[in-house]
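Residue-level structure breakdown
Here is what each chain is made of, one letter per residue.
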Amino acid sequence: MRANRRCFLGCVALVLGLLLIAPAPSAGAPQGTVIYAVHITIAPAWFDPADNPGQITPFIIQYALHDAVIKPMPAGMMTPSLAESWTASKDGRVYEFVLRKNVVFHNGDLMTAEDVKFSFERYRGAGATLLKEKVEAVTIVDPHRVRFHLKEPWPDFMGFYGSPATGAGWIVPKKYVEKVGEDGFKQAPVGAGPFKLVSMTPGVEIVLEAHEKYWRKTPKVKRIVMKTVTEGSTRLAMLKRGEAHIAYKTDGPLGEEVRKDPNLDLVFSGGIATWWLQFGELNDPKSPWHHHKVRLAANYALDRRALSEAETLGASPLTGSIIPREFEWALPVDPLPYDPKKAKQLLAEAGYPSGFDAGTITPIPPYYSFAEAVGGYLGAVGIKAKVQKMERAVMFDKRRKRELTGICLCANGGFGNAVTRIDADIVSTGVHSVLKDAEIDKLFDEQSREADPKKREALLKRIQQRVVDRAYFAPIYQLQWPNGVSKAMKVSGMGLIPTFYYTGPFEEIELR
Amino acid sequence: MTRFILKRCGLALVSLFILSVTIFTLIRLTGDPATLLAAPDAKEADLDAIRVRFGLDRSWPVQYVRFVGGALQGDFGTSLYYRIPAGTLYWQRLPASLQLAAAAMTISLVVGLSVGILAAVNVGRWWDSAGKLIALLGLSMPSFWLGLLLIYFFAVYLHWLPTSGRGTAAHLVMPAIALSGYFTAAHMRLTRSSMLDVLGSEYVKLARLKGLPESWVLVKHAFKNALIPVVTLAGINLVLMINVAVVVETVFAWPGIGRLLFEGIEFRDFPVVQTVVLLGGVMVIVANLTVDVLYAWIDPRIRLKS
Amino acid sequence: MPGSIPASASRASTLLYPWSLTWRRVRAGARNLPVVSLTILGAALVAALFADVLAPHDPELGNLRHRHRPPAWVAGGDANPLLGTDHLGRDVLSRLLFGARISLLVGFTAAVVAGALGTAVGIISGYCGRWVDQVIMRVVDAWLALPVISFAIFLAVLLGPSEMNIVIILAGIFWTRYARVIRGEVLSLKERDYVRLAIVAGCNKWTIMRRHILPNVINTSIVLSSLIVGVVIVAEAALSFLGVGVPPRKPAWGLMLADGKEGMMAGYWWVTLFPGLAIMLVVLAANLLGDWLRVKLDPQLRQL
């Protein structure tokens, strides 16, 4: 009897002991697989921030694989990530970053200032020449402190280094890259981001797995599979069938179907690509576009709300400026209302009572239905324009060479601030600019030499106001997409980061 | 015989040379990949840097020599978009294309032949009308439309099959059906008319007069002879099938060569385009060569005549 | 000339001028016309010719506020637009009528161009034989080795999208089919008596090809064309789907199908059903016509 009781007590003690020692169910362990249906072919070149082309597309995956010193997050456009904090010297020539001490790369290496310096020096993507020109040297103060010495004060430094405009601030491990070489890195990239690459089938799919030692927090999802499906209808079919949880870019009737389906949610992305009408011939005194009233008429002729509804199911906010509101130093401008009567009146006043033939309207491919719709509105007030279809590379080429006739349905989706957009599209030396406004050129030159930020802002806003006053463009909207998300997702990450087109931050993505 | 083979090989090499020069020039005429690889508002200096990096700044003949030199050693250049060797991409995607073409060709032959024979044997009656209907559907429905309808019906509505991608046998069913549409119709029509011809021939009339069972007549004589033109057509159609597969590959996200080539042209990925067209051309030319040699070996008159 | 030749040769004379034979046969066959086929083709032709008058709306201008209106007999639709509107608010019926013009024109022209080129090449290659034949066949082989899609895209990029370029692209794809078939025909025709007679009589090579070979193979070309027209119209749809087809505003049936594919998923079935039916009917008509022609012109052509 006594032996039995002792045995019994012993067993109870053992069980209790085991319960205490046994690990509590880890509430933070990543679980589940999320499948994406992506609308573009994912290129291995995007695994390496050193080659970033300045477009937003590589970030579809870079936010998962890599991390940056400073990057846009839900908290703000310049959220310190790999850096704890940063300071600029009073003379604006030295920037110091204090790095976090607990950042571990996918291969286990600890991040130090060496990696930051290395990543900057190997950067050769968009804006590399500019950065290398302005930065004299990068010095390592201690393993977690790095300083950038500029040749002269350059207030835009953070705009380029600390934003997706360049990839120089996205950090890769020096030892690993030196060991495997450039090509090796592209095939087996290692970064500091919340997910690491497991496998890649070029043009087909990419498989990612959670990096449990990610410094910010352990990702909530264990695996992410990104499948390339270029056909929109097929992406929708995958969502409906349950083969995908997130489908990018379900616009037009696809988005309407997502809305109707009780198992799916229509979620809008962020975005900073502004779309506008550009009048290539406005400097030609013989062209109708030379008249301010005619350009103004084009502005009144467009029903921007209907366009946003038709193309993007209302996701795209309307705008009266070609510079996104969210950009630093941007002047928020409301669009002109839809008033075709006023447009016709303005045309009559300018001397074109029955309208005129504007030739062609060329959109950036493949936005042809958008151009058709715009052409329809212009046609309704008498401005006749035929949609010209051009192959993508051909169109880009002609745009650079300023060979596009008629109207261009143009856009600019690059990161930056008001300065970069004005530089590209408004000053007469701009890569895509068709304007030849001496006053604007003068103001722009002044602001580039202006040290006082307040005065600078005033100058930049004057430039933008002048553009609006003279109706140099007919801005339409800031493109954002509707995307399809399965109700099985608790947090899809869509639209969390302002101005970002894709899902992020990846560590927040969660299944129900 | 050896002379014949050598002569044919020589001609084949000439064809290859013409093909390679043509594709090389054509793709370069279409424009400059640098603009597509950079930001839309990149400065000219950035673009030049890209051109130098990928060897695009040299003159065309120099680029051609480099390419051919590399190709002979098995190096087809590195894809501008994917940054991995173009040859690797090609061999990776080829099995998918071959699998799809084989499946679609099988369907088109099995269905085409059987329905064609049934239609011929039952001329004017129900099977004949059914056959004509199938032929009409196959000839008048574009493959992308058929594909999307199949996805919508069998995947989304009935949940019987997966929507897209490559994986299990179930994934192959709908793309193969969509691709085979036109060819099934073509093979069915040819089988039917071919069978009708043979069934009306003297040999068959004689066999019937002799009192031989109809099934014997059909199987032993009619079927085999009707088969010949269909198989010939199928051989020609195989190349066409692989060419037009790009539409089905797009709809079903099938990772084949057609899609690789199409995107290569879109992205101005010169090495990929050159490699795909060249290797594809090599396969076709080698296949033709083999067939020619086989025919010549079987029938001495052919090699003597030339 | 016929009068001075003996009776046995008078049959030869009709063969020497086989044009008259063809016409006689056609007139004889006119009695059993393919009614269905001609009705459909006639309707399409009427639509194409009189679209300006018949169509209630402009096929190229739409109103975004009226997009995706359903056809008259479905809930939410009304008599105008009768067949509903597409994603840009354009009237489907009007587009269908104007589309007949483009699709038929493109299809027919491409078939004729491909046919002319292919037949000519086939005749020359088949008749001249030897090294000319070899060279031409090598060129045809090389042509077939070039992927048609890349060829279409190159042309679209270099020349820009337009109806003319689509015709060129489609003709460029299909001419080899004619060449091969016609060459085969010519090879057997070469051995016929009247051709040998002509050679012996001292006729020039080109004259023989023009007067004796061509009229006999033209039947094959015509029958082949009737089949190819259907394929061309469907090919136009595939090219539009890939983005290298007819310019976006044009209401070609194939382009309507390609544009409406997303609408199909969302339940806007009318945008694709009507052009799809139109294509199907025209292909049916062309094939029925081809079958009938084949039987009437030369029963030997069953192999097609």
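In this text, all values refer to a predicted model and were calculated from it rather than measured experimentally.

Description of the overall build of chain A
Within chain A, the regular secondary structure consists of 16 helices and 20 strands. Dimensions of chain A along its principal axes, counting C-alpha atoms only, are 115 × 55 × 40 Å. Restricting to contacts in chain A with at least 6 residues of sequence separation, those with at least 24 account for 69%.

Thoughts on the interface of chain C and chain A
Interfaces are often described in size by the accessible area the parts lose on coming together. Counting residues at the interface gives 21 residues for chain C and 25 residues for chain A. Mapped onto the side of chain C that touches chain A, the elements with two or more residues apiece are helix H6 (148–159) and helix H11 (261–265) of chain C. Ranked by residue count, the leading element in the side of chain C that touches chain A is H11(C), at four residues. For the side of chain C that touches chain A, the residue count by class is eleven nonpolar, five polar and five charged.

Observations regarding the nonpolar core
One finds A:Ala297, A:Ala301, A:Val374, A:Leu409, C:Leu170 and C:Val232 to be the most contacted residues of the largest nonpolar core, which totals 290 residues. Examining the composition of this core, we find that 17 residues originate from one element, helix H9 (residues 205–242) of chain C, more than from any other. Each of domain 2 (202–271 + 481–511) and domain 3 (273–479) of chain A gives at least three residues to this core. Apart from residues no more than four positions distant in its own chain, A:Ala297 is found in contact with A:Ala343, A:Leu346, A:Leu347 and A:Val381.

Remarks on the interface of chain A and chain B
In this assembly, 36 residues from chain A lie in contact with 37 residues from chain B. At the level of secondary structure, the elements contributing two or more residues to the side of chain A that touches chain B comprise strand S10 (223–228), helix H7 (232–241) and helix H13 (392–400) of chain A. Among the residues forming the side of chain A that touches chain B, the class breakdown is 15 nonpolar, twelve polar and nine charged.

A closer look at the pairing of strand S7 (residues 145–150) of chain A
Residues and elements named next belong to chain A. For strand S5 (residues 94–99) and S7, the ladder comprises five bridges, and the chain directions are antiparallel. Across the sheet, Glu96 pairs through a bridge with Arg147, a residue of S7. Examined bridge by bridge, strand S6 (residues 135–142) and S7 share six bridges and lie antiparallel to one another. Its bridge partner being in S7, Val135 is matched across the sheet by Leu150. Where S6 folds back onto S7 in an antiparallel hairpin, the turn is made up of two residues.

Focus: the sheet that holds S5(A)
All names here are of chain A. The strand order S4-S5-S7-S6 describes an open sheet built from four strands, whose pairing is antiparallel. Unpaired on one side and paired on the other, strand S4 (83–88) and S6 mark the two borders of the sheet. Averaged over all pairs of adjacent strands, the angle between their axes in this sheet comes to 20°, without regard to strand direction. Here S4 runs beside S5; their pairing, made up of five bridges, is antiparallel. Counterpart to Thr87 in the pairing with S5 is Glu96. Together, S5, S6 and S7 form the strand contacts of helix H3 (residues 113–122), whose direction differs from that of S6 by roughly 165°.

As for the packing of helix H3 (residues 35–54) of chain C against helix H12 (residues 270–297) of chain C
When two helices pack together, you describe them by how their axes are tilted relative to each other and by the distance separating the axes. Residue and element names in this part refer to chain C. Packing of H3 against H12 leaves a shortest axis separation of 8 Å and a crossing angle of 135°. One element, H3, and the other, H12, form an angle in the oblique class. By crossing handedness, the relation of H3 to H12 is classed as left-handed. Along the contact surface, H3 presents Val36, Ser37, Ile40, Leu41 and Ala44, while H12 presents Leu281, Val282, Leu284, Ala285, Leu288, Leu289 and Trp292. In the contact of H3 with H12, the residues fall into eleven nonpolar, one polar and no charged.

Regarding helix H4 (residues 92–128) of chain C
Residues and elements named next belong to chain C. An ideal rise of 1.5 Å per residue puts 54 Å on 37 residues; H4 measures up with 52 Å between its terminal C-alpha atoms. In the structure, H4 departs most strongly from a straight axis at Gly99, where the bend amounts to approximately 30°. Taking burial as the measure, the 37 residues of H4 include 28 buried ones, the bulk of the element. One or two residues past the end of H4 sits Gly129, with phi positive at roughly 60°.

Observations concerning the domain arrangement of chain A
Residue and element names in this part refer to chain A. Annotation of chain A at the domain level lists domain 1 (68–177), domain 2 (202–271 + 481–511) and domain 3 (273–479). Placing a centre on the C-alpha atoms of domain 2 and another on those of domain 3 gives a separation of 32 Å. At the interface, ten residues of domain 2 touch nine residues of domain 3. If you list the elements that add at least two residues to the side of domain 2 that touches domain 3, you get helix H8 (253–260) and strand S12 (264–268). Classifying every residue of the side of domain 2 that touches domain 3 by side-chain character gives five nonpolar, three polar and two charged.

Conventions and cut-offs
Residues numbered from 1 in each chain as written. Chains lettered and ligands numbered in written order. Predicted model: local features only at pLDDT ≥ 70, side-chain atom pairs only at ≥ 80, totals over all residues. Helix = DSSP H or I, 4+ residues; strand = E, 2+ residues; numbered from the N terminus. Contact = placed C-beta atoms within 7 Å. Nonpolar A, V, L, I, M, F, W, Y, C, P; charged D, E, K, R; others polar. Core = buried A, V, L, I, M, F, W, Y, C linked by C-beta atoms within 7 Å. Buried ≥ 20, exposed ≤ 12 C-beta atoms within 10 Å, placed from the backbone. Domains from an automatic or database assignment. Pairing = 2+ DSSP bridges. Axes fitted to C-alpha atoms, helices over the stretch in contact; angles between N-to-C directions. Parallel < 35°, antiparallel > 145°, perpendicular 65-115°, else oblique. Left-handed = near helix turned anticlockwise from the far one by under 90°. Expected span 1.5 Å × (residues − 1). Bend = angle between axes of the 7 residues up to and from the residue.

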